[in-house]
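A closer look at the structure
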Amino acid sequence: MVTIRLYDTSARQIRDFSPLRPGCVSIYLCGATVQAAPHIGHIRSGLNFDIMRRWFEYRGYDVTFVRNVTDIDDKIIAKSAEQSRPWWAIGYENERAFNDGYTVLGCLPPTYEPRATGHITEMVEMMRGLIERGHAYEADGSVYFDVRSWPSYLELSRQDLDEMRQPAEEGITGKRDPRDFAMWKATKPGEPDWETPWGRGRPGWHLECSAMAHKYLGPAFDIHGGGLDLIFPHHENEIAQAKAYGDEFARYWVHNAWVTMSGEKMSKSLGNSVLVSEMVKRWRPIVLRYYLGTPHYRSMIEYSEEALREAESAFARIEGFVQRVVEKAGVVEPAAEVPLAFAEAMDDDLGVPQALAVVHTTVRQGNSALAADDKEAAVARLAEVRAMLGVLGLDPLDPQWAGEGDRGQDLHGVVDTLVRMVLDQREAARARKDWPTADAIRDQLGQSGLVIEDSPQGPRWSLGPR
């Protein structure tokens, strides 16, 4: 296996990846909390780890990828009260919206996608073990983790416990230390609850992931992922629970950066979110994937319409090359291997921007081969481009994108006929050397959003950037 290097948040440095089991990779990604439909900031995490998974698979690893669903927590219960709807109806509706978002942007389905409410038994077992080991305690029907019982607490976020303030939790009583966190919350009127040895109640957010990771990946696994905002308290508390229980837990911690708007993290609570379901009505899904997936996963993405238009134009250059070679030589299968420079970039902490530069360089070489009527070289470059785009989930010839994001695809034949009629008029003007008329026709087509290219095979049109 070639060495892949990843930035490990716990080590604060890039480390060589060494799997627990040779040839296998186990990944746990904190998935959706389904209190609302996803915005593009939510989906970015799933997309970044989809690219990670694809790269590991390209490198020959057998990947087990777990992405959980948090279908019960304070926010979902609050939404239930606001909307006078069952908590489970809100959760299921938004779980489907998340899955639709992942699918429309080309994310591969996870190996397992467990729901928190399906794993109460595992949570009770973990709490029982932690109480027996002296790391947790029951008070007034709730169960708390005793943070002072675990000397390594805060090793991920590197905070000082004595200087840390734990946000107050409404209605929580019986804590020995205000910084202890709830693993189980005693039942309240009108809230969902489950039976435990300590009374009826519901799970705390942090306990859910520790129990599900243990269930599906065992006491030790390779990579735990999520957004930067989860480092504390969520991931910190997961580590404390799992390790105090006796698990080695995750060996690498990988965190993706946010999508921001005006410098602020995209968030429904701030009113600055952009729903995936609305974005795919305005932008082709493959372009949205390009926009969200091609910056480095540890870099912030500042949302703007201009940035999306730039992404659309950049992808159009790639797609145009693919289409031209297919028209000339038919469908070309992806190369068995990606170019070395692309592989080196991806091996180095998933350096997608550097890898993408190799894609664009190869496209330029392919276009030069087309201009020189070198069919063999153009076909070879397309094979390389398809191999690289396949790793990024951006191959326009992949069945995933067949007919995706129609911008009037059903009308393509009609539009093509009409445009051809106008182009025939332009060709006639050019034949009689009436250059002003020919240029005027081209300009009018350009103003309507079409790009006209003159090739040895005749003029061709495509949709230009918005």
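- Looking at an unreviewed UniProt entry, one finds the protein named Cysteine--tRNA ligase and attributed to Streptomyces indiaensis.
- Recorded under Subunit (unreviewed entry), the UniProt text for the protein is reproduced unchanged: "Monomer."

Brief notes about the overall build of the protein
- Helix and strand counts for the protein come out as 14 helices and 15 strands.
- Buried positions account for 51% of the 466 residues belonging to the protein.
- In the protein, the share of contacts with a sequence separation of at least 24, taken over all contacts with a separation of at least 6, comes to 76%.
- Looking at the protein as shown, the accessible area adds up to about 21000 Å², and 50% of this sits on carbon and sulfur atoms.
- On the protein, the mean spot of the 53 positive side-chain charges and the mean spot of the 69 negative ones are 2 Å from each other.

Points about the packing of aromatic side chains
- Evaluation of the coordinates by the stated rule reveals 16 aromatic pairs.
- Relative to Phe181, the ring of Phe145 has its centre 5.2 Å away and its plane inclined at 15 degrees; by these criteria the two rings are stacked. Of the two residues, Phe145 sits in strand S6 (residues 142-145) while Phe181 sits in strand S7 (residues 181-186), which places them 36 residues apart along the sequence.
- Look at Phe181 and you get buried, because its relative accessible area is 1%.
- A centroid spacing of 5.2 Å and a plane angle of 80 degrees characterise the contact between Phe221 and Phe249, whose relative ring orientation is edge-to-face.

As for the pattern of salt bridges
- Enumeration over the complete set of coordinates arrives at 34 salt bridges.
- Residue Lys185 pairs with Asp74 through a salt bridge whose shortest N-O separation is 3.0 Å. Here the residue Lys185 occupies a position in strand S7, and Asp74 occupies one in helix H2 (residues 74-83), the gap between them amounting to 111 residues.
- Here Glu319 and Arg284 are joined by a salt bridge, their closest N and O atoms 2.8 Å apart. Placement of Glu319 in helix H9 (residues 305-329) and of Arg284 in the loop between helix H7 (276-282) and helix H8 (285-293) is noted, with a sequence separation of 35 residues between them. For the pair Glu319 and Arg284, a shared accessibility class is recorded, and that class is buried.
- When salt bridges that share partners are traced, they join Asp74, Lys185, Glu191 and Arg202 into one network.

Side note on the pairing of S6
- Here S6 shows no split at all, with Ser142 and Tyr144 on one side and Val143 and Phe145 on the other all buried.
- Across four bridges, the pairing between strand S5 (residues 136-139) and S6 is antiparallel. Along S6, the bridge assignment pairs Glu138 with Val143.
- In textbook terms, the turn of a hairpin is the stretch between consecutive antiparallel strands, and for S5 and S6 this stretch comprises two residues, one of which, Asp140, has a positive phi near 55 degrees.

Description of the sheet that holds strand S4 (residues 62-70)
- Read across the open sheet, the four strands follow the order S4-S3-S9-S10; overall the sheet is parallel. Strands at the two margins of the open sheet, each flanked by one partner only, are S4 and strand S10 (249-256). Each strand axis lies, on average, 25 degrees off the axis of its neighbour in the sheet, ignoring direction.
- Bridge analysis of strand S3 (residues 24-33) against strand S9 (residues 220-227) gives three bridges, and the strand direction is parallel. Opposite Leu29, over in S9, you have Gly225 as the bridge partner.
- Here helix H5 (residues 205-217) sits on the sheet in contact with S3, S4, S9 and S10, set at roughly 150 degrees to S3.

Observations concerning the environment of Trp205
- Along the chain, Trp205 turns up in helix H5.
- C-alpha of Trp205 to C-alpha of Val331: the two residues are 126 residues apart in sequence and 49 Å apart in space.
- In contact with Trp205, other than residues within four places in its own chain, are Thr33, Thr70, Leu230 and His234.

Section: the pairing of S10
- The buried fraction of S10 is high, at seven of eight residues.
- Here S9 pairs with S10 via seven bridges, running parallel. Its bridge partner lying in S10, Gly225 is registered against Val254.
- Read as a crossover between parallel neighbours, the route from S9 over helix H6 (residues 231-245) to S10 is right-handed.

With respect to the side chain of Asp180
- Relative to the helices and strands, Asp180 resides in the loop between S6 and S7.
- Of the buried charged residues, Asp180 lacks a salt bridge, with Arg176 as the closest side chain of opposite charge at 6.2 Å.
- Among the polar contacts listed, one links the side chain of Asp180 to the backbone nitrogen of Val147, at a separation of 3.1 Å.
- Filtering out sequence-adjacent residues up to four positions away, Asp180 remains in contact with Tyr137, Tyr144, Phe145, Asp146, Val147 and Lys175.

Examining the nonpolar core
- Ile40, Phe56, Ile223, Phe342 and Met346 are the most contacted members of the largest nonpolar core, which totals 82 residues.
- Aside from chain neighbours lying at most four places away, what touches Ile223 is Leu6, Phe17, Val25, Ser26, Ile27, Tyr28, Met52, Phe56, Tyr252 and Val254.
- Core analysis: the second largest hydrophobic core is formed by 41 residues, Ala136, Met164, Phe181 and Tyr245 among them.

Digging into the state of the cysteines
- On inspection of all chains with the given rule, the structure shows zero disulfides.
- In this structure Cys107 is not part of a disulfide, and its nearest cysteine sulfur, from Cys30, lies 16 Å away.

Analysis parameters
- Residues numbered from 1 in each chain as written.
- Predicted model: local features only at pLDDT ≥ 70, side-chain atom pairs only at ≥ 80, totals over all residues.
- Heavy atoms only, no water.
- UniProt positions renumbered as here; feature names shortened; annotations may be inferred.
- Helix = DSSP H or I, 4+ residues; strand = E, 2+ residues; numbered from the N terminus.
- Buried < 20%, exposed > 50% of the residue type's maximum accessible area, 1.4 Å probe, protein only.
- Contact = heavy atoms within 4.5 Å.
- Areas by Shrake-Rupley, 256 points an atom, 1.4 Å probe, with all protein chains shown as cover.
- Lys, Arg positive; Asp, Glu negative; His and termini not counted.
- Charge placed at Lys NZ, Arg CZ, Asp CG, Glu CD.
- Phe/Tyr/Trp six-rings, centres within 6.5 Å; stacked < 30°, edge-to-face > 60°.
- Salt bridge = Lys/Arg side-chain N within 4 Å of Asp/Glu carboxyl O.
- Pairing = 2+ DSSP bridges.
- Axes fitted to C-alpha atoms, helices over the stretch in contact; angles between N-to-C directions.
- Right-handed = clockwise from strand over helix to strand, strands pointing away.
- Polar contact = N/O pair within 3.5 Å; in protein donor to acceptor, adjacent residues only side chain to side chain.
- Core = buried A, V, L, I, M, F, W, Y, C linked by side-chain atoms within 4.5 Å.
- Disulfide = S-S within 2.5 Å.

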